[in-house]
Amino acid sequence: MPSPYVRRRRLAAEIRKLRESRGLTADDLAGLMFYNRAKISRLENGQSRPDVGEIMNMLDILEVTGSQYDRLLQLTREAAHKGWWDRYGMSMGPRQKLAADLEYNAATVRNYDQTAIPGALQCRPFIDALVKLDESQRTLDYQPDRMAEARERRQRELLRPDGPAYETVLDECVIHRLAVPPEAMAAQLWHMITTISEEKRITVRVLMHDAHLPGGFLPQSSFYLYTFAEPGDPPMAVVDTATTDLVLTQRREVVRYTGMYDRLRKAALSPEDSIAFLARVANRLADQTGS
């Protein structure tokens, strides 16, 4: 199945276009369906899982027929599909739930991370250390055990035979500045080295602290780039902020982040040199802790 989130975004755009082609406002459509305007707004923004029966009723009201009706109904069913992450509800955290959904049927996943190790590549000791950091600064919006279980499931999904090609540019500062115990960081680095050594679809490039980035400004945050196999599913950029993830689908915005990623990738170490660097740091941390 395709990503339900991606399908919801496509369905939202189709419904908005249909409504506007009929000369209707959101209030007009809400009135015809005996809904409040907020419900139409959520649907047109892809914020809620669609109800198949309600969409069928909407298509009838908008006088959609034939192949267009069949196509939109299929899109609705895909948008309403529940993935493995839905079994966790919000116990795994809203950000991780979105990531799992987008990774589900992505062709490629690329990211630049300046604040953390990518969630899909984390090991359990490192996850536990991150939870302790999180607890020290805020009230958790997830259940730690369920979140860790879901994060391990994400890695299994990433490693499945038809999983996406996955590449990350990891800022060196994450390794040195993140205040986790050295034994947890060492375990994480070895876990990542083992994972990327065994699976050629997964690549890690380390961006050294003194790397020069010509061609533009420095990135202001971590971000992810997703592409999908079906031509109708547009590429997306997801930008990390302190409080939420911003999902960008406008072509010019995605192109801008793609260009930024290409500059970061070019400035980073090669995959082979990155593995050698990570191994040196992991050995040094192990020596410090006597492990």
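Before reading further, recall that the structure is shown in the block above.
Residues numbered from 1 in each chain as written. Predicted model: local features only at pLDDT ≥ 70, side-chain atom pairs only at ≥ 80, totals over all residues. Heavy atoms only, no water.

Engineer: In this structure, what is going on with the overall build of the protein? I would like to understand it.
Structural biologist: Each helix and strand counted, the protein has 12 helices and six strands in total. Seen along its three principal axes, the alpha-carbon backbone of the protein occupies a region of about 70 × 40 × 35 Å. Burial statistics for the protein: of 291 residues in total, 49% are counted as buried. Taking all contacts inside the protein whose residues are at least 6 apart in sequence as the whole, residues at least 24 apart take part in 76%. (Helix = DSSP H or I, 4+ residues; strand = E, 2+ residues; numbered from the N terminus. Buried < 20%, exposed > 50% of the residue type's maximum accessible area, 1.4 Å probe, protein only. Contact = heavy atoms within 4.5 Å.)

Engineer: What's the story with helix α10 (residues 182–198) in this structure? I'm lost.
Structural biologist: The periodicity of an α-helix, 3.6 residues per turn, causes residues three or four places apart in sequence to face the same way. Here α10 contains 17 residues, and its C-alpha end-to-end distance of 24 Å stays within 8% of the 24 Å for a straight helix at 1.5 Å per residue. Buried within α10 are the following residues: A184, M185, A186, Q188, L189, M192, I193, T195 and I196. (Expected span 1.5 Å × (residues − 1).)

Engineer: It is not clear to me how the packing of helix α1 (residues 4–21) against helix α5 (residues 66–80) should be interpreted in this structure. Could you clarify?
Structural biologist: Two quantities define a packed helix pair, namely the angle between the helix axes and the distance between the axes. α5 packs onto α1 with a crossing angle of 145° between their chain directions and a minimal axis gap of 8 Å. Every pair of crossing elements has a handedness; the one defined by α1 and α5 is left-handed. Residues P4, R7, R8, R10, L11, E14 and L18 of α1 form the contact with α5, whose own contacting residues are Q68, R71, L72, L75, T76, E78 and A79. When grouped by side-chain class, the residues that make up the contact of α1 with α5 number six nonpolar, two polar and six charged. (Axes fitted to C-alpha atoms, helices over the stretch in contact; angles between N-to-C directions. Left-handed = near helix turned anticlockwise from the far one by under 90°. Nonpolar A, V, L, I, M, F, W, Y, C, P; charged D, E, K, R; others polar.)

Engineer: Just checking my understanding: could you explain empty space enclosed by the protein for this structure?
Structural biologist: Unfilled space is identified by rolling a water-sized probe across the atoms. The tally for this structure, following the rule as stated, stands at two cavities of 30 Å³ or more. Looking at the largest cavity, the residues that line it are W84, A100, E103, Y104, R154, E157, L158, R160 and P164. Those elements that place two or more of their residues in the lining of the largest cavity are α6 (94–104) and α8 (144–158). Per-class residue counts for the lining of the largest cavity are five nonpolar, no polar and four charged. The space that makes up the second largest cavity amounts to roughly 30 Å³. (1 Å grid on protein atoms, 1.4 Å probe; cavity = no way out; pocket = protein on both sides within 12 Å on 5 of 7 lines; lining within 4 Å. Points joined across faces, edges and corners; volume = space filled by probe spheres on them.)

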